[in-house]
Amino acid sequence: MTTLMSKPVSEMDQPYSRRWAALGVLCLSLLIVVMANTALIVAAPDMTRDLGLTSTQLQWVIDGYTVPYAALMLLFGVIGDKYSRRGALLAGLAVFAGGAVFGSIADTTNAVIAARMIMGVGAAIIMPATLSLLVATFPKAERSRAIAAWAATSGLAIALGPLLAGWILDSHSWSITFLINVPIAAVAAVAAVILVPPSKAEHLGRIDWIGGALSVVTIGSLVYSIINGFHFGWTGGPIGAAALAAIGLVSFVVWELRHPQPLLDVRKLGQRMVGGATLAVLLLFLAAFGAIYFISQQFQFILGYGALETGVRLLPLAIAVSIGAVVSGRITPLIGVRASIVGGMVVAAVGVLILTQVDGDSGYWMFAVPLILLGLGIGLSEPPATDAIMDNFSEDDLGAAGGLNDTAIELGGSLGIAILGSILAASYKDSIAGFIGGMQVPQLTGELAQQAAYAMEVSEESVGGASLVAEEMAANPLAAAQAGPLLDAAGSAYADAISAASWAGGLALFVGAVVVAFILPGKKAPVQQGPVSV
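Residues numbered from 1 in each chain as written. Predicted model: local features only at pLDDT ≥ 70, side-chain atom pairs only at ≥ 80, totals over all residues. Heavy atoms only, no water.

A. Region of the structure containing the overall build of the chain. Secondary structure assignment for the chain yields 19 helices and zero strands. Compactness check: the chain gives a C-alpha radius of gyration of 23 Å against a globular reference of 24 Å for 534 residues, within 12% of the reference. Overall, the chain is about 85 × 50 × 45 Å in size when its C-alpha atoms are taken along their principal axes. Burial analysis of the chain (534 residues in total) assigns 55% to the buried set. (Helix = DSSP H or I, 4+ residues; strand = E, 2+ residues; numbered from the N terminus. Rg over C-alpha atoms; globule rule 2.2 N^0.38 Å. Buried < 20%, exposed > 50% of the residue type's maximum accessible area, 1.4 Å probe, protein only.)

B. Molecular detail of the packing of aromatic side chains. Going through the model one piece at a time under the given rule, you end up with 10 aromatic pairs. With a centroid separation of 5.5 Å and an interplanar angle of 65°, the aromatic rings of Tyr364 and Trp365 are classed as edge-to-face. Over the ring of Phe393 we find Lys268; its NZ or CZ atom is 5.5 Å from the centre of that ring. (Phe/Tyr/Trp six-rings, centres within 6.5 Å; stacked < 30°, edge-to-face > 60°. Lys NZ or Arg CZ within 6 Å of the ring centre and 35° of its normal.)

C. Main features of helix H11 (residues 272-302). The first and last C-alpha atoms of H11 sit 44 Å apart over 31 residues, in line with the 45 Å expected at 1.5 Å per residue. In terms of residue burial, H11 counts as a mostly covered element, since 26 of its 31 residues are buried. Count one or two residues on from H11 and you reach Gly304, which has phi positive near 75°. (Expected span 1.5 Å × (residues − 1).)

D. Just helix H9 (residues 209-232), in detail. Taking 1.5 Å as the rise per residue, H9 with 24 residues should run 34 Å; its terminal C-alpha atoms sit 33 Å apart, in good agreement. Gly233 occupies a position one or two residues after H9 and carries a positive phi of about 105°.

E. Quick look at the nonpolar core. Within the largest apolar cluster, 160 residues are counted, with the highest numbers of intra-cluster contacts made by Met47, Leu134, Phe294, Ile295, Met345 and Tyr428. Per element, the largest residue contribution to this core is 18 residues, and it comes from H11. (Core = buried A, V, L, I, M, F, W, Y, C linked by side-chain atoms within 4.5 Å.)

F. View of the side chain of Ser215. Along the polypeptide, Ser215 turns up in helix H9. Residue classification places Ser215 among the buried positions, given a relative accessible area of 2%. Filtering out sequence-adjacent residues up to four positions away, Ser215 remains in contact with Ala71, Leu74, Gly220, Phe252 and Leu263. (Contact = heavy atoms within 4.5 Å.)

G. Seen up close, the packing of H11 against helix H15 (residues 365-391). At a minimum axis separation of 9 Å, H11 and H15 run at an interaxial angle of 155°. Relative to H15, the element H11 is oriented roughly antiparallel. Like other packed secondary-structure pairs, H11 and H15 cross with a definite hand, here left-handed. Classifying every residue of the contact of H11 with H15 by side-chain character gives 18 nonpolar, four polar and one charged. (Axes fitted to C-alpha atoms, helices over the stretch in contact; angles between N-to-C directions. Parallel < 35°, antiparallel > 145°, perpendicular 65-115°, else oblique. Left-handed = near helix turned anticlockwise from the far one by under 90°. Nonpolar A, V, L, I, M, F, W, Y, C, P; charged D, E, K, R; others polar.)

H. Geometry of the packing of helix H5 (residues 109-137) against helix H6 (residues 140-169). Closest axis-to-axis distance for the H5/H6 pair is 10 Å, and the angle between their directions is 155°. One finds that H5 runs roughly antiparallel with respect to H6. Considering how the two elements wind past one another, H5 and H6 form a crossing that is right-handed. In contact with Met127, Thr130, Leu131, Leu134 and Val135 of H5, H6 contributes Arg143, Ala146, Ile147 and Trp150. Per-class residue counts for the contact of H5 with H6 are seven nonpolar, one polar and one charged.

I. Up close: the environment of Leu53. Counting through the fold element by element, Leu53 comes out in the loop between helix H2 (40-51) and helix H3 (55-82). Judged by relative accessible area, which is 10%, Leu53 ranks as buried. Leu53 sits 286 residues away from Ala339 along the chain, and the two C-alpha atoms are 46 Å apart. Excluding residues that lie within four positions of it along the chain, Leu53 makes contacts with Met47, Thr48, Leu58, Val61 and Thr109.

J. Spotlight on the pattern of salt bridges. With the rule as written, the count across this model stands at five salt bridges. Taking the shortest distance from any N to any O, the salt bridge between Arg19 and Glu142 comes out at 2.5 Å. One end of the pair, Arg19, is in helix H1 (residues 19-38); the other, Glu142, is in helix H6, and 123 residues separate them in sequence. Here Glu142 falls in the buried class, since its relative accessible area comes to 15%. Here Lys140 makes a salt bridge to Asp391, at a shortest N to O gap of 3.5 Å. Of the two residues, Lys140 sits in helix H6 while Asp391 sits in helix H15, which places them 251 residues apart along the sequence. A relative accessible area of 23% places Asp391 in the partly exposed class. (Salt bridge = Lys/Arg side-chain N within 4 Å of Asp/Glu carboxyl O.)

K. Spatial organisation of a nonpolar patch on the surface. There is a patch of nonpolar side chains on the surface, built from Phe510, Val511, Val514, Val515 and Phe518 and spanning about 470 Å² of accessible area. Mapped onto the elements, Val514 comes out in helix H19 (residues 480-519). By relative accessible area, which is 39% here, Val514 ends up partly exposed. (Patch = residues over 30% accessible without salt bridge, like charges linked within 9 Å, V, L, I, M, F, W, Y side chains within 5 Å. Areas by Shrake-Rupley, 256 points an atom, 1.4 Å probe, with all protein chains shown as cover.)

L. Examining the environment of Ala88 more closely. Here Ala88 is to be found in helix H4 (residues 85-105). For Ala88, a relative accessible area of 12% corresponds to the buried category. Excluding residues within four positions of it along the chain, Ala88 makes contact with Gly80, Ile125 and Ala129.

What follows is the structure in structure tokens.
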């Protein structure tokens, strides 16, 4: 007969016998959190057509999830430490599933954004809980292997999200991409009650609510300013948010340094191992999310792959992350944390830099090889980096440690899409401007002239816009002759844009690897080979 798991790990004399099954539950919970972020890559075109989304609205459909997700993770991680890590996981799954149900029935832009925000709150509860429960459940000798599996899951989800969404979109509407999360969340919740032992901090005092509020304001304002400033220009809103983030950061650091029981011991970031590992995680996901952002558009709009085909062709990244994580677990105890992290960052940087060589005639394999190298680099680097962060916090501060690691992941992803995406957009616009300006179009008047001007403006703004305009032109006898040249010009301009963005992302990752090599101490992984008790 199935029984509920009610005995805490701290009361067990031996390592928990079903810990690997519990890890499967934690990885399943992590899977839907990351998939919800990446599935939108292939669902966005259908949502844009059905809801008539403007570029600003589409950005908020995406970032309605990102902002609360990034802003709340640190606070919710500490709340889970205080009251119940498993309880936090269950609460997060419930909130996440509720937002998914709401999203599946939403039929307006504002409702979809609200649903994404609710899911973002749920994700912010789930993600740090998975990592703190992992560390609390596994004996120290096995943690590096467990974290490697956790990291491999995040890499798998990056590609599985578009794959699953593509499969759904082949025969259903985009709303089902929300609903698919509900049964997975339900299975994870039931399995968590049966398999995951309860856990909480034994000696944690009162929660630092002021520090929590400051962290939410700081991270939320920072992510908002990054997203809106780079995508829509540094107007009053993004500049004000950036100023608020700066004030919030200074206030948070000063408050945490003076507080007897801080939300996050910021002195930890001054430790070489924690600071270097956190920087490595942030830079890896900056490059990863930026690259996936522009490669997926290349697949859909230039190479003409459908949603499912795009998801399938992103799978090499997921497979490579899994392989890299397995290799990392074997070599890190031999070569040390620094060598594994820095080596992985260099491999990932090489993958991104290969993309600087793409041109208008590049086929799939010109992108598959970089995806494989990027995945291997993440798999080699992320597990030891995450292990280093978690290992340097006490058992009572696992939620804060998990929140720090996960915030670095999400902040890095936001920076990657915002910064590399803005370089991509600016380069594309510059490259295609000459062609658009020289296009021979029929002499039109009135409404037709306005439509033609709008079509040229859309074509100049994004490769997706150019693809849609070319499709419309091909169906119009007056403009059909221009459809092919427009697509060719868009493909060439977008290749230039990928090259420019890849130079920025690859060099940032390579220079970051050098910096991380200097920061991290040159000692071997803190992993014991023999069995130990918790």
